[in-house]
Amino acid sequence: MNMENKQNYDIKIISYYTGFIILWTSLLMLIPIIVSILFKEWGALADFIISINIALSTGLILIMFGKKSLGKVRFQWKHGLIVASLSWILLMFLCAIPYRLSGHALSFLDAAFDVMSGFTTTGLVLTQDLEHLSLSLNTWRHILTFVGGQGMVVLALSFLMRDTAGAYKMYVGEGKDIELVPNVKGTARIIWAISMSYLAVGTLLMWINGMMIGLKPVSAFFHGLFIFMSAWSTGGFAPMSQNILYYHSMSYEILTIIFFIIGSFNFGLHYAVWQGNKKEIVKNIEIQSFFITATLTSFFIALGLSKLNVYTDAVSIFRKGIYHLLSAHTTTGFASLYARQFALEWGDFAVIMLIIAMLIGGSACSTAGGFKGLRVGIVFKGIIADIKKLLSSERRVRVFKFHHIKDLILDDGVVKSTSLIIICYVVLFSIGTVIGSYYGYPLLSSAFEAASVTGNVGLSIGVTSPSMPSLMKLFYIIAMFLGRLEFISVFALVGFLFGGIKKICSRR
Amino acid sequence: MFKALKINILLLFIVFFSLLTSFTVRADEVSNFSDFVEKAAVYNGKEVTIRGEAIGEAMKRGDYGWVNISDGSLPMGVWMKWEDAKKIKTFGDYKHKGDIVEVTGIFNKSCLEHGGDMDIHASNVKIVDPGKVQLKPVSRIKIVVGASLTLVTLLIGSIYFKHNK
C-alpha cells in the first residue's frame, strides 16, 4: 500500500468510527424530544428535530465515507486517540445547536462553551435565564453532562456488535484505561450498568427529598433527576441559575455530597466493591489520597473562614465552607452561594485552598477531573521512595509498591509519566491565569477560574460570563477539553491535523 | 400674630416628623439584586424592599416557605410566611412569566437561621403585577427547515441501509 493510499485509509477509518460515536450520541436527542412532546414544548421540539437531523446526517455521512476502510487497514493507537478527540469536537458543535436555537445562548460560541462544559463535566454556564428554559433543553443539558461523565466513546462502545481491537484504543483515547473485564465492550457496559443503577437509586432518593423540602411531585422528580445526573458525573449543572442555593436545604446538600463523592471514585473501585471486595475502599491509594487532601484542605478552609468571621457558626461553615471545598475537590462545581461571594467575602487564603482542591481533583477513570488522586498519591509515594533509597545502603535493592485495585510496582517510569501529566495540568492552569490577568481580571480570580476549567470543576468566582472576551471563552473550551481527555488524544489530533501523521508513521 | 406663629410651629413639626419617619421607617429599595452581593456588608441586617419575578415554585417549610425572586439576572431567596407565599399564583418558567412581587424584609448576608444563605426574611409581601402565560409560537422557518432536514436524513439513512444489505 503506497503512502497516499495509507493516508486515505487513515482518514477513512477515523471517519467511520467518529461517525459511529456521533450517531449513537445523537440518538440521545430522542429523550428531550419525548420530553418536549409530553410537556407540549413545541418550540423546543422544533429545535431538537432540526438538531437531531443535522447530527444523524453527519454521523451517517461519516460512516458511509469511512465504511470501505474496514478490514483494509489495521486500527492503530493514533486512530483511537484521534477518533476520541475528533468525535468530542464534532459533537460539541452538533449538540450546541438546540442551545443556540432556543435563544438562551447569546452566540454559537456560548452554546459550544456550555456543551463542552457539560461533556467535560465542568459545569460552567453561559446559557442565560435558566429559569425560563424549556424542560426539554434542561433535560438535554443534564444528559450531556451525565453521558460526558461516562464518556461518549464508552457509550458508543457499549453498542458495538462485536469487540474489536480498536475499541480499547478509542477507550484509552477518552482518558480511561481501566479494564474491568477482559474485553472493552464488556467494560463499557459495566461502566454504564454501575452508572444507571446509581441513577435509579439516586434519583429516587433526591425525588423523595425534593418532595419533603416542598417541591411538587413532578417538579421534584425532574430536579432530583437533574441534580443526581450532575452530582454523579461531578458535573455541577443545575436546572436553576442559583444552582444548589435555589433549594435552601441542608438535606438536599448532604445528599449531593454523598453522590458527588461516590461519583468521583474510580469505576474500578466501584466494580471491586460490587464484586464484594470492600477492603479496596480502605486500601486504594486514590481513596487514601482523597481522604488526606480533603481533610487537610477542609480544615484549612474552615480555619480561614473562621478567622475572617465570614461564617460564625459550625452549620454555616459546613454548608458553605466544607460543601464548596468538597464540591471543588471532587470537581463537581455545585455552589450554594453567589460566585462573587468567593472574591468579596472569603479572603485569599480560603480561595487558595479551593484552587488547590480543584487542581488535585477526583479519581482517575472516574467522572472527575483534575490531576487525580492517583497521580498525587504516586508522586507523593515516589518522593518518599526516593528519600528512603537515599537513606539506605546503595547495595540494597528496594522495591516500592502502591495499591490501586491490585498491588503495583512503583518504578521510576510510572512516577515520570505521572509527573508529566501533572506538569501539563500546571502549564495549562498557568496559561489560563496569565490570559485572565491579561484581560484585566485580578490575579486570584484569574487563577480560580483557570483552576476551575483545567480541573473540570465548574465553580466560578464571577469571571465566566457571556461578556467575557471571546478568546477567553475559546481558551476555556480548549482547557476543559484538554483537562478531560488528559492531553494525549488532543495532542494526537493536533499532530494529525498539522501533518504530524508522517512523523508518527515514520516512527513505527 | 400668635396664631400665625402656632401654625408655623405646627407646620415645622409636621415637616420634621415626616422627614424623621421617612429616614427611619422607609426601607432601602434595591432594584439590582447584584448590589446585595457586591455591597452585602452595607445592606446586612437592614430592611430592604425588592421587586422581582417569582420563579420556579414556592417550597413550604412548616408555617413558612421559600420563594426565589429574580430581578431578571439574579434570583434571591426570600423566606416568608406560607400565607404570603400562597398569594403568589404564577411562577416564572418556560411557559409563564411569574407574578411580580414586592417584598419588604430584612436582608441577611449570611443568615444564621439558614446555614449561611444570603437571603431576605420578608415582613411584607405584595403582588404588584400578576403573571401570565407566555405564548411562544413556533417560527414557520423552523418548521420548514425541520421537515426538510428530516427528509434529507431519511434519504441518507435509506442509502446507508441499502448499501449495508
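Model, not experiment: these values are computed from the prediction.

A. Summary view of the overall build of chain B. When helices and strands are tallied, chain B shows five helices and eight strands. By the burial criterion, 31% of the 165 residues in chain B qualify as buried. Across chain B, every contact between residues at least 6 apart in sequence was considered, and the portion connecting residues at least 24 apart equals 55%.

B. Molecular detail of the overall build of chain A. A count of helices and strands for chain A gives 23 helices and two strands. For chain A, the C-alpha radius of gyration of 23 Å lies close to 23 Å, the compact-globule estimate for 508 residues. Pairs at least 24 apart in sequence give 74% of the contacts found in chain A among residues at least 6 apart.

C. Inspection of the UniProt feature "transmembrane region" (unreviewed entry) in chain B at higher detail. Look at the UniProt record and you will see "transmembrane region" (unreviewed entry) annotated at residues 143–161 of chain B. Secondary structure content for residues 143–161 of chain B is 100% helix and 0% strand, while the C-alpha to C-alpha distance between its ends is 27 Å.

D. Here's a closer look at unusual backbone geometry. Residue and element names in this part refer to chain A. If you check the backbone angles, Asp-129 has positive phi at about 55° while not being a glycine. Following the sequence through the fold, Asp-129 ends up in the loop between helix H5 (108–119) and helix H6 (135–150). The class of Asp-129 is partly exposed, set by 15 C-beta atoms lying within 10 Å. Of note in the backbone geometry, Asn-309 takes a positive phi value of approximately 55° without being a glycine. Mapped onto the elements, Asn-309 comes out in the loop between helix H14 (285–307) and helix H15 (314–329).

E. Just the interface of chain A and chain B, in detail. At the junction of the two partners, chain A supplies 43 residues and chain B supplies 38 residues. Secondary-structure elements contributing two or more residues to the side of chain A that touches chain B are helix H3 (42–66), H15 and helix H16 (339–345) of chain A. Residue contributions to the side of chain A that touches chain B peak at 13 residues, all from H3(A).

F. View of the pairing of strand E3 (residues 64–70) of chain B. All names here are of chain B. Among the seven residues of E3, six are classified as buried, and the element is accordingly described as predominantly covered. Bridge count between strand E2 (residues 47–61) and E3: six bridges; the pairing is antiparallel. Counterpart to Lys-60 in the pairing with E3 is Gly-65. Counting the residues that bridge the hairpin from E2 to E3 gives two residues, and of these Gly-62 lies at a positive phi of roughly 70°. Judged from the seven bridges that link them, E3 and strand E4 (residues 75–81) form a sheet pairing that is antiparallel. Each residue of the ladder has a partner; that of Ile-69, found in E4, is Met-76. Following E3, the chain reverses through four residues before pairing antiparallel with E4; Gly-72 in that reversal takes a positive phi of roughly 115°.

G. A look at helix H21 (residues 470–485) of chain A. All names here are of chain A. Between the first and last C-alpha of H21 there are 23 Å, a value that for 16 residues agrees with the 22 Å anticipated at 1.5 Å per step. By the burial criterion, the buried members of H21 are Met-472, Lys-473, Tyr-476, Ile-477, Ala-479, Met-480, Phe-481, Leu-482, Gly-483, Arg-484 and Leu-485. In the segment just after H21, Glu-486 is the residue with positive phi, at about 60°.

H. Quick look at the domain arrangement of chain B. Taken domain by domain, chain B holds domain 1 (28–133) and domain 2 (137–165). Spacing between the C-alpha centres of domain 1 of chain B and domain 2 of chain B amounts to 46 Å.

I. Layout of the confidence of the model for chain A. Mean pLDDT over chain A stands at 88; residues scoring 70 or higher make up 92%. Ranking the elements of chain A by mean pLDDT puts helix H23 (residues 500–507) of chain A last, at 55, and helix H2 (residues 30–38) of chain A first, at 97.

J. Just the environment of A:Ile261, in detail. With respect to the element layout, A:Ile261 can be found in helix H11 (residues 250–263). With 29 residues separating them along the chain, A:Ile261 and A:Phe290 place their C-alpha atoms 9.9 Å apart.

K. Highlighting the packing of helix H4 (residues 77–102) of chain A against H5(A). Residue and element names in this part refer to chain A. Close contact between H4 and H5 brings their axes to 8 Å; oriented N to C, the two are set at 120°. With respect to H5, the element H4 is oriented oblique. Pair H4 / H5 crosses with right-handed handedness. In contact with Trp-88, Met-92, Phe-93, Cys-95, Ala-96, Tyr-99 and Arg-100 of H4, H5 contributes Phe-108, Ala-111, Ala-112, Asp-114, Val-115, Met-116 and Phe-119. When its residues are assigned to classes, the contact of H4 with H5 shows twelve nonpolar, no polar and two charged.

L. Representation of the environment of B:Tyr94. Relative to the helices and strands, B:Tyr94 is located in the loop between helix H4 (82–85) and strand E5 (96–97). A sequence separation of 38 residues divides B:Tyr94 from B:Gly56, and the C-alpha atoms of the two residues are 9.8 Å apart. Look past the residues within four positions of B:Tyr94 in its chain and what remains in contact with it is A:Glu41, A:His132, A:Leu133, A:Ser134 and A:Leu135.

M. Seen up close, the confidence of the model for chain B. Confidence along chain B averages 88 in pLDDT terms, with 83% of residues attaining 70 or more. Complex prediction metrics read pTM 0.89 and ipTM 0.85.

N. Molecular detail of the nonpolar core. With 186 residues, the main nonpolar core has A:Met92, A:Val115, A:Met116, A:Leu354, A:Met358, B:Val67 and B:Val78 as its most contacted residues. Those residues within four positions of A:Met92 in sequence are excluded, and the remaining contacts are A:Ala112, A:Val115, A:Met116 and A:Phe119.

O. Structural context of the pairing of strand E7 (residues 119–129) of chain B. All names here are of chain B. Relative to E7, E4 runs parallel, the two being bridged by three bridges. Note that in E7 the partner of Trp-79 across the bridge is His-121. The pairing of strand E6 (residues 100–108) with E7 spans nine bridges and is antiparallel. Pairing of Val-103 across the sheet is with Val-125, part of E7.

P. Summary view of the packing of H11(A) against H15(A). Residues and elements named next belong to chain A. Remark: H11 packs on H15, axes separated minimally by 10 Å, with the N-to-C direction vectors making an angle of 25°. For the element pair H11 / H15, the angle class is roughly parallel. Seen from above, H11 lies across H15 with left-handed handedness. Here H11 contributes Met-250, Glu-253, Ile-257, Phe-260 and Ile-261 to the contact with H15, which in turn contributes Arg-319, Tyr-323, Leu-326 and Ser-327. For the contact of H11 with H15, the class distribution of residues is six nonpolar, one polar and two charged.

Parameters and conventions
- Residues numbered from 1 in each chain as written.
- Chains lettered and ligands numbered in written order.
- Predicted model: local features only at pLDDT ≥ 70, side-chain atom pairs only at ≥ 80, totals over all residues.
- Helix = DSSP H or I, 4+ residues; strand = E, 2+ residues; numbered from the N terminus.
- Buried ≥ 20, exposed ≤ 12 C-beta atoms within 10 Å, placed from the backbone.
- Contact = placed C-beta atoms within 7 Å.
- Rg over C-alpha atoms; globule rule 2.2 N^0.38 Å.
- UniProt positions renumbered as here; feature names shortened; annotations may be inferred.
- Pairing = 2+ DSSP bridges.
- Expected span 1.5 Å × (residues − 1).
- Domains from an automatic or database assignment.
- pLDDT = per-residue confidence, 0-100.
- Axes fitted to C-alpha atoms, helices over the stretch in contact; angles between N-to-C directions.
- Parallel < 35°, antiparallel > 145°, perpendicular 65-115°, else oblique.
- Left-handed = near helix turned anticlockwise from the far one by under 90°.
- Nonpolar A, V, L, I, M, F, W, Y, C, P; charged D, E, K, R; others polar.
- Core = buried A, V, L, I, M, F, W, Y, C linked by C-beta atoms within 7 Å.

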